[in-house]
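Here is what each chain is made of, one letter per residue.
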Amino acid sequence: MSNIDSSLTHTHREIFQQPAMWRETYKCISEKEKEISSFLSTYCDNDVTIIFTGAGTSSFIGNILTFILPKHHLYNIKSVSTTDITTHANVIFQKEKRYILVSLARSGNSPESIAAVDLANSICGENIAHIYITCNAKGELVKKAEHKNVLSLVLPPETNDKGLAMTSSFTSMLLASALIFDMPNIKAKEFLIGVLSEKAEGMFAEYKDKTAEIASHNFERAVFLGSGEEKGIAEECHLKLQELTDGKIICLFDSFLGFRHGPKAALNEKTLLVYLFSEDDNVFQYERDLVIQINQQQKPMAQIYAAHKKRKIENIVFDMEMIPKIQTQTEYDVILYVLVGQMLGMFKSMELGLNPDNPSVNGKIARVVEGVTIY
């Protein structure tokens, strides 16, 4: 166990400040309602392709939004990481087509963040517009925002996480992205963001200690499963636990149905399984069937789930059920699922004697990626 008090770390503060950051993020976006609406009315129509991009955690935001935004009748959406744009821009962009490139970046200083914008401009010329969503007002990305076809949105400075792992930056950028593409209804969202924040505060209070207890189990692997937008959250959860433990815990993520097709071979008696159950009862049937099959074949060391409401599966006893007490649903409730991955990552990091703010003992990973040469 680390001799560092977790409550004194940046990571602890940045995880538990998130409900307040969501309220501040809403305020930031709503105050720019006219600017955002004007930009979208100019550049966003049925003929434009919206591409969400970022690296690492930032890229997972687009993977989630491709399932969320169609609910707002936005269908021409792609999620492509800056790391893929940097190497394969000519495959992703066609100069005769129109795009909005939404660049998501905590610091805005990653080499690929800048390269992706420059490459997109070089191919598309006047056929591309940009939205920058970042947490760092002094980042290189913000410095590129002087052109009329660029909308630059800098989130509250507290979201620019100082710890290695992206936590409040991730959820705040995800929330901001969802909000800006539903600006006609922005006034009505304030109540929902309040409900979302209250749910998170309640979940932290109720499940913090139990999550720490689960993290003390001697598991060597962890698998996070989710369907649809929850799969993108599972992707983020798996990275949080793996990077905060410096790779000592090897993590996987997948959809419930996808996990059957080979990845299930990774399960053993030293595995922690985290299920992110869908609110859709039809989808849950597929998820339930996999849980039953897993327990018949290879029972893992521990099983926990996060869900919008209590889920019962016959003959299955879960080690923790993470459910918000407030049952009023919001369209942003998927964000709550990431809390279990964030807390598990922080507590397991401490359990392994690491500093969650800087868990990479040999400098394998850094807060801002290093060593990338753009060619």
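Residues numbered from 1 in each chain as written. Predicted model: local features only at pLDDT ≥ 70, side-chain atom pairs only at ≥ 80, totals over all residues. Heavy atoms only, no water.

Chemist: Explanation requested: the overall build of the protein in the structure shown.
Modeler: Within the protein, the secondary structure is distributed over 13 helices and 10 strands. A globule of 375 residues ought to have a C-alpha radius of gyration of about 21 Å, and the protein, at 20 Å, matches this closely. Based on the C-alpha atoms only, the size of the protein along its principal axes is roughly 60 × 45 × 40 Å. In the protein, which comprises 375 residues, the proportion classed as buried is 56%. Sequence separation of at least 24 residues holds for 78% of the intrachain contacts in the protein that already meet a minimum separation of 6. Split by element, the accessible area of the protein, about 16000 Å² in all, is 49% carbon and sulfur. (Helix = DSSP H or I, 4+ residues; strand = E, 2+ residues; numbered from the N terminus. Rg over C-alpha atoms; globule rule 2.2 N^0.38 Å. Buried < 20%, exposed > 50% of the residue type's maximum accessible area, 1.4 Å probe, protein only. Contact = heavy atoms within 4.5 Å. Areas by Shrake-Rupley, 256 points an atom, 1.4 Å probe, with all protein chains shown as cover.)

Chemist: Sorry, what's going on with the sheet that holds strand β10 (residues 320-322) here?
Modeler: The strands that make up a sheet pair up through hydrogen bonds in the backbone, lying either parallel or antiparallel. With parallel pairing, the 5 strands of this open sheet are ordered in space as β7-β6-β8-β9-β10. Sheet topology places β7 (250-254) and β10 at the edges, where each strand pairs with a single neighbour. Direction aside, neighbouring strands of the sheet carry axes that sit 15 degrees apart on average. Pairing geometry for strand β6 (residues 221-226) and strand β8 (residues 271-276), over 6 bridges, is parallel. For Gly 226, the partnering residue across the bridge sits in β8 and is Leu 276. (Pairing = 2+ DSSP bridges. Axes fitted to C-alpha atoms, helices over the stretch in contact; angles between N-to-C directions.)

Chemist: Looking at this model, I keep getting lost on the nonpolar core. Mind explaining?
Modeler: Looking at soluble globular proteins, one finds that nonpolar side chains tend to be buried together. Ile 29, Ile 131, Ile 133, Phe 181, Ile 233, Tyr 275 and Phe 277 are the most contacted members of the largest nonpolar core, which has 96 residues in total. Broken down by element, this core gets its largest block of residues, 9 residues, from helix α9 (residues 186-215). Look past the residues within four positions of Phe 277 in its chain and what remains in contact with it is Phe 256, Phe 284, Glu 287, Val 291, Tyr 305, Ala 306, Ala 307, Arg 311, Ile 313, Phe 318 and Tyr 337. (Core = buried A, V, L, I, M, F, W, Y, C linked by side-chain atoms within 4.5 Å.)

Chemist: Quick question: what am I supposed to make of the side chain of Glu 287 here?
Modeler: Counting through the fold element by element, Glu 287 comes out in helix α12 (residues 281-297). Of the side chains with opposite charge, Arg 311 comes closest to the buried, unpaired Glu 287, at an N-O distance of 6.1 Å. Looking at Glu 287, its side chain comes within polar contact range of the main-chain nitrogen of Ser 278, at 2.9 Å. The residues contacting Glu 287, other than those within four sequence positions of it, are Ser 227, Phe 256, Leu 276, Phe 277 and Ser 278. (Lys, Arg positive; Asp, Glu negative; His and termini not counted. Salt bridge = Lys/Arg side-chain N within 4 Å of Asp/Glu carboxyl O. Polar contact = N/O pair within 3.5 Å; in protein donor to acceptor, adjacent residues only side chain to side chain.)

Chemist: Help me out: how do you make sense of the packing of aromatic side chains in this one?
Modeler: Geometrically, a pair of aromatic rings is defined through the distance of the ring centres and the angle of the planes. On inspection of all chains with the given rule, the structure shows 12 aromatic pairs. With a centroid separation of 4.8 Å and an interplanar angle of 40 degrees, the aromatic rings of Phe 39 and Tyr 43 are classed as tilted. Residue Phe 39 and its partner Tyr 43 are both found in helix α3 (residues 33-43); the two are separated by 4 residues, about one turn of the helix. Taking the relative accessible area as the measure of exposure, Phe 39 reaches 6% and is therefore buried. Classification of Tyr 43 by relative accessible area gives partly exposed; the value is 21%. Between the aromatic rings of Tyr 275 and Phe 277, the centroid separation amounts to 5.6 Å while the plane-to-plane angle is 5 degrees, which identifies the pairing as stacked. Each member of the pair, Tyr 275 as well as Phe 277, carries the same accessibility label: buried. (Phe/Tyr/Trp six-rings, centres within 6.5 Å; stacked < 30°, edge-to-face > 60°.)

Chemist: So what exactly am I meant to see when it comes to the environment of Leu 257 here?
Modeler: Assignment of secondary structure puts Leu 257 in helix α11 (residues 256-259). As for Leu 257 and Glu 146, which are separated by 111 residues in sequence, their C-alpha atoms are 45 Å apart.

Chemist: What should I look at first to understand the pairing of strand β4 (residues 128-134) in this one?
Modeler: The two faces of a sheet get side chains in turn, since along a regular strand they alternate between them. β4 sits mainly inside the fold: 7 of its 7 residues count as buried. Both faces of β4 are covered, namely the face carrying Ile 128, His 130, Tyr 132 and Thr 134 and the face carrying Ala 129, Ile 131 and Ile 133. Both strand β3 (residues 98-105) and β4 contribute to a ladder of 7 bridges, which runs parallel. Bridge pairing in β4 places Ala 105 opposite Thr 134. For the crossover that starts at β3, traverses helix α6 (residues 111-124) and ends in the parallel β4, the hand is right-handed. Summarising the sheet, β4 and strand β5 (residues 150-154) pair through 5 bridges and their orientation is parallel. Along β5, the bridge assignment pairs Thr 134 with Val 154. (Right-handed = clockwise from strand over helix to strand, strands pointing away.)

Chemist: Is there a simple way to think about α3 in this case?
Modeler: Since there are 3.6 residues in each turn of an α-helix, residues three or four apart along the chain are aligned in direction. Within the sequence span of α3, burial applies to Ile 36, Phe 39 and Leu 40. For α3, the arc enclosing every buried residue in end-on projection is 95 degrees, short of the 170-degree limit, so these residues lie on one face. Away from its buried face by more than 90 degrees, α3 exposes Lys 34 and Ser 41. (Arc of directions from axis to C-beta.)

Limitation: the analysis is restricted to geometry and does not speak to function.
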